[in-house]
Amino acid sequence: MLKPGTAAPEFSLYATPDQQISLSEFKGKKVILAFYPADWSPVCGDQMALYNEMLKYFSKHNANLIGISVDGKWCHLAFSLERKLHFPLLADFEPKGAVARLYEVYDEKVGECKRALYVLDEEGIIRWNYLSPVGLNPGADGILEALEQMDDVKTNQTV
Amino acid sequence: MPLKPPVNEVDHCQGDKAAKIVIVEYGDYQCPHCGRAYPLVKKLQAELGEDLCFVFRNFPLAKIHPDAMMAAIATEAAALQGKYWEMHDILFENQENLDNDALARYAQRLEMDVEKFSSDIADQQFISKVESDFESGIRSGVNATPTFFINGEKYNNGWEGNRILDFIRANDLI
């Protein structure tokens, strides 16, 4: 995975059937990138359902969550509607897995993203990363601790 | 991963907090897996008797389970009338019906003061109690429901059948 301290590579991917999102649009906010293998599979569903409940905790830290998998935009749309997700799912679909490769979290054998998390600061620098065993839902405690630490560091700097 | 915060005075406990085994469940009243775990917990309580203290903390996934938050609040309102565990049981035994009318019917069935119950469940203070349960779950690494903690540590070995009891015996916890 890309190491903390690295600038997060820029990308643009479809978030809805007719709208692309670029990472640079989030400048000034922290960003949580959640790469995951596939819509609909049981563990991913749990993970995304959990993150859906976590959004207000993330927003307390000025952080936006983005999910990324190789599923197509129409698949994401259906998954998102069915699970009532309130954060964007990006389609790393064509060329397949290009962004996951850029972030060193593409599983060549199965042709899916690994289950991996990055937390970026307001300047787009990677501050925390985590690679989860593919069958395990990584929860949200690690993300929350990373966000808190980033805010603590900033508070100390201002003092 | 440790339970944060440890079992304390705001928790609802069945049994003595000083028991040999303290099990904490993070659960959601509208979650079908929690519904399947419910009789297994009852069985565990019957098997372990006084050696077990059982604690339930709320972890409602409210966006996929629209009635889960209100159901959790109903148990807190029932606690005010000394009926926390009675309400807990009735909700898990009637998971398919957890709308507000149903909650009021259960309060009536438990011979609670229904008028007080109905005004209590509109009270904001219970939302923050449920949310603080949820937040403690996140901090403790809860990633799905139900998640169990045994004597303060997250338990990851599966809860189906007799697995929890087998784990307790295999590790000489009693």
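Residues numbered from 1 in each chain as written. Chains lettered and ligands numbered in written order. Predicted model: local features only at pLDDT ≥ 70, side-chain atom pairs only at ≥ 80, totals over all residues. Heavy atoms only, no water.

1. A closer look at the packing of aromatic side chains
Phase 1 of the analysis: Per the stated rule, a full pass over the model turns up 18 aromatic pairs over all chains.
Phase 2 of the analysis: Geometrically, the ring pair formed by W40 of chain A and F79 of chain A is edge-to-face, given 5.1 Å between the ring centres and 70 degrees between the ring planes. One end of the pair, W40 of chain A, is in the loop between β3 (30-35) and α1 (42-60); the other, F79 of chain A, is in helix α2 (residues 73-83), with 39 residues separating them in the sequence.
Phase 3 of the analysis: Exposure remark for W40 of chain A: the relative accessible area of 38% places this residue in the partly exposed category.
Phase 4 of the analysis: Using a relative accessible area of 0% as the deciding quantity, one classes F79 of chain A as buried.
Phase 5 of the analysis: When the ring of Y155 of chain B is compared with that of F167 of chain B, the centres are 4.9 Å apart and the planes differ by 70 degrees; the resulting orientation is edge-to-face. Taken together, the positions of Y155 of chain B in strand β5 (residues 153-155) and F167 of chain B in helix α7 (residues 163-170) put the pair 12 residues apart, joining distant regions of the chain.
Phase 6 of the analysis: F167 of chain B gets classed as partly exposed once you look at its relative accessible area, which sits at 24%.
Phase 7 of the analysis: Ring pairs connect the aromatic residues Y57 of chain A together with Y26, F59, F134 and F149 of chain B, which therefore count as one cluster.
Phase 8 of the analysis: Over the ring of Y14 of chain A we find K73 of chain A, and its NZ or CZ is 3.9 Å from the ring centre. (Phe/Tyr/Trp six-rings, centres within 6.5 Å; stacked < 30°, edge-to-face > 60°. Helix = DSSP H or I, 4+ residues; strand = E, 2+ residues; numbered from the N terminus. Buried < 20%, exposed > 50% of the residue type's maximum accessible area, 1.4 Å probe, protein only. Lys NZ or Arg CZ within 6 Å of the ring centre and 35° of its normal.)

2. Some remarks on unusual backbone geometry
The phi angle of most residues is negative, glycine excepted, and most peptide bonds adopt the trans form.
Phase 1 of the analysis: That bond from E94 of chain A to P95 of chain A is cis: its omega, -5 degrees, falls within 30 degrees of zero.
Phase 2 of the analysis: Mapped onto the fold, P95 of chain A is located in the loop between β5 (89-91) and α3 (98-102).
Phase 3 of the analysis: Here the amide bond leading from T145 of chain B into P146 of chain B is cis, since omega sits at -5 degrees, within 30 degrees of zero.
Phase 4 of the analysis: With respect to the helices and strands, the residue P146 of chain B is situated in the loop between α6 (124-139) and β4 (147-150).
Phase 5 of the analysis: With a phi close to 45 degrees, N151 of chain B is a non-glycine residue in the positive phi region.
Phase 6 of the analysis: Within the element layout of this structure, N151 of chain B appears in the loop between β4 and β5.
Phase 7 of the analysis: A positive phi angle, near 55 degrees, is found at D172 of chain B, a position not held by glycine.
Phase 8 of the analysis: Along the chain, D172 of chain B turns up in the segment after α7.

3. A few points about the interface of chain B and chain A
Phase 1 of the analysis: Residue-level contacts link 17 residues of chain B with 18 residues of chain A.
Phase 2 of the analysis: Together, the buried faces of chain B and chain A total about 1500 Å²; carbon and sulfur atoms form 56% of this surface.
Phase 3 of the analysis: Its largest share of buried area at the contact with chain A, chain B owes to K63, I138 and N143 of chain B, together 43% of the area lost on that side.
Phase 4 of the analysis: Counting across the interface, chain B meets chain A through three salt bridges.
Phase 5 of the analysis: With a closest N to O distance of 2.6 Å, K56 of chain A and E131 of chain B form a salt bridge.
Phase 6 of the analysis: Counting across the chain B and chain A interface gives six residue pairs in polar contact (both at pLDDT 80 or more).
Phase 7 of the analysis: Looking at side-chain class alone, the side of chain B that touches chain A contains 10 nonpolar, two polar and five charged residues. (Contact = heavy atoms within 4.5 Å. Buried area = accessible area lost by both parts, 1.4 Å probe. Salt bridge = Lys/Arg side-chain N within 4 Å of Asp/Glu carboxyl O. Polar contact = N/O pair within 3.5 Å; in protein donor to acceptor, adjacent residues only side chain to side chain. Nonpolar A, V, L, I, M, F, W, Y, C, P; charged D, E, K, R; others polar.)

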